[in-house]
Amino acid sequence: MIQVFKSTAALSKEAVEIFVQSAQEAVQENGRFTVALTGGSSPEQLYKLLAQAPYRELVPWDKTYVFWGDERWVNLTDDRSNAKMAFDTLLHHVPISKSHIFPMYGEQAPEDFALVYEKRLQNHFGGAAPRFDLVLLGMGDDGHTASLFPGTAVLQEKEQMVQAYYLEPQSMYRITLTAPCINQAKKIVFMTYGEKKAKALREVLEGERNPEQYPAQLIQPTQGETLWLVDEAAASLLKDKVSE
Ligand SMILES: O=C1O[C@H](COP(=O)(O)O)[C@@H](O)[C@H](O)[C@H]1O
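Residues numbered from 1 in each chain as written. Predicted model: local features only at pLDDT ≥ 70, side-chain atom pairs only at ≥ 80, totals over all residues.

Draft legend 1. Expanded view of the overall build of the protein. Within the protein, the secondary structure is distributed over eight helices and ten strands. Along the three orthogonal principal directions, the C-alpha set of the protein runs to about 45 × 40 × 35 Å. By residue count, 44% of the 244 residues in the protein fall in the buried class. In the protein, of all internal contacts separated by at least 6 residues, the share reaching a separation of at least 24 is 77%. (Helix = DSSP H or I, 4+ residues; strand = E, 2+ residues; numbered from the N terminus. Buried ≥ 20, exposed ≤ 12 C-beta atoms within 10 Å, placed from the backbone. Contact = placed C-beta atoms within 7 Å.)

Here it is as structure tokens:
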């Protein structure tokens, strides 16, 4: 489903309400809430809202477990780190235990850490397939999501849940949940805004199937639901949309 908002503030408010509702429902059903956060600029407002009243008090933080959908392989103090942004805007401001937070970065080589992170997911989900209650995602102007970039081998991955690889055009390692991992989530929410995303959004949602070029097309949950929260600028080239 695609929902179109007049402003990023309205879009972020909807995202925060979905976050709170998912957390409360998951805790009611299973006693805990497991979320994968996204990086980039799109979730910043959402994280800031979540860190404030009234939302801060509505999330059962003591039963919340935070993973990431992807990461730039940089130190956690580096401004390019997706985890740093989430700590600065949200996680340092809410009563969540450090033992519930799993940043995608470690001392090992990135490929070795990907195996460690996969193991961490296995442990968390009791050996079963990782089924996040909520996965938050953004989409780049080029149609990438998480660190699933156009033309990369990770797009073909069918077995591994986590992969690290060197992204030549950015001269850095990336680590990411793979599409098969993300697609097992109960709920997937994309946040996408700005005119620069309009073409990719149209191709991803209404274009021919071409995930090599528009990797966000790979996100099709097996049992869960996908929601696209977009603003009018990003939605300007879409034919089918529901305006809020
Ligand atoms: O590289 C990344 O970019 C995407 C999109 O970022 P945005 O700034 O356009 O919102 C993001 O979803 C991903 O987590 C990040 O690593």
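On we go.
Draft legend 2. Here's a closer look at unusual backbone geometry. Here the residue pair Ala-53 and Pro-54 is connected by a cis peptide bond, since its omega of 5 degrees sits within 30 degrees of zero. Looking at where Pro-54 falls in the secondary structure, it is placed in the loop between helix H2 (44-50) and helix H3 (55-58). If you check the backbone angles, Ala-146 has positive phi at about 45 degrees while not being a glycine. Along the polypeptide, Ala-146 turns up in the loop between strand E5 (134-138) and strand E6 (162-167). Here Ala-146 falls in the buried class, since 32 other C-beta atoms lie within 10 Å of it. Phi is positive for Ser-171, close to 50 degrees, though the residue is something other than glycine. Along the polypeptide, Ser-171 turns up in the loop between E6 and strand E7 (172-177). Overall, the presence of 7 C-beta atoms within 10 Å leaves Ser-171 in the exposed class.

Draft legend 3. Structural view of the sheet that holds E6. Reading across the sheet, the three strands line up as E4-E7-E6 and stay open at both edges, with antiparallel pairing between neighbours. A single partner strand is all that each edge strand has here, and the edge strands are strand E4 (70-72) and E6. On average, each strand axis in the sheet is inclined to that of its neighbour by 15 degrees, with strand direction left out of account. The sheet contact formed by E4 and E7 spans three bridges and is antiparallel. Bridging from a neighbouring strand, Arg-72 pairs with Arg-174 of E7. (Pairing = 2+ DSSP bridges. Axes fitted to C-alpha atoms, helices over the stretch in contact; angles between N-to-C directions.)

Draft legend 4. How the structure looks around the pairing of E6. Where E6 lies against E7, six bridges are found, and the strand directions are antiparallel. Residue pairing for E7: Ala-164 is matched across the bridge by Ile-175. From the end of E6 to the start of E7, which pair antiparallel, there are four residues, and Ser-171 there has a positive phi angle of about 50 degrees.

Draft legend 5. Geometry of the nonpolar core. Core analysis: the biggest nonpolar cluster contains 70 residues, and Ala-36, Val-135, Leu-137, Ile-182, Val-189 and Leu-229 have the highest contact counts within it. The residues contacting Ala-36, other than those within four sequence positions of it, are Phe-67, Trp-68, Gly-69, Phe-132, Val-135, Leu-136 and Leu-177. (Core = buried A, V, L, I, M, F, W, Y, C linked by C-beta atoms within 7 Å.)

Draft legend 6. A look at the confidence of the model for the protein. Put simply, the protein has an average pLDDT of 97, and 98% of its residues get 70 or more. Interface scoring of the predicted complex returns ipTM 0.97; its pTM is 0.97. (pLDDT = per-residue confidence, 0-100.)

Draft legend 7. Region of interest: the pairing of strand E9 (residues 225-231). Bridge analysis of strand E1 (residues 2-5) against E9 gives four bridges, and the strand direction is parallel. Residue pairing for E9: Ile-2 is matched across the bridge by Trp-228. As judged from the six bridges shared by strand E8 (residues 187-192) and E9, these two strands associate in the parallel manner. In the sheet register, Met-191 faces E9, and the bridge partner there is Leu-229. Taken together, E8, helix H7 (residues 198-206) and E9 form a β-α-β motif whose crossover is right-handed. (Right-handed = clockwise from strand over helix to strand, strands pointing away.)

Draft legend 8. Spotlight on H7. Along H7, the residues classified as buried are Ala-198, Ala-200, Leu-201, Val-204 and Leu-205. Considered in projection along H7, the buried side chains sweep an arc of 160 degrees and stay on one side of the axis. (Arc of directions from axis to C-beta.)

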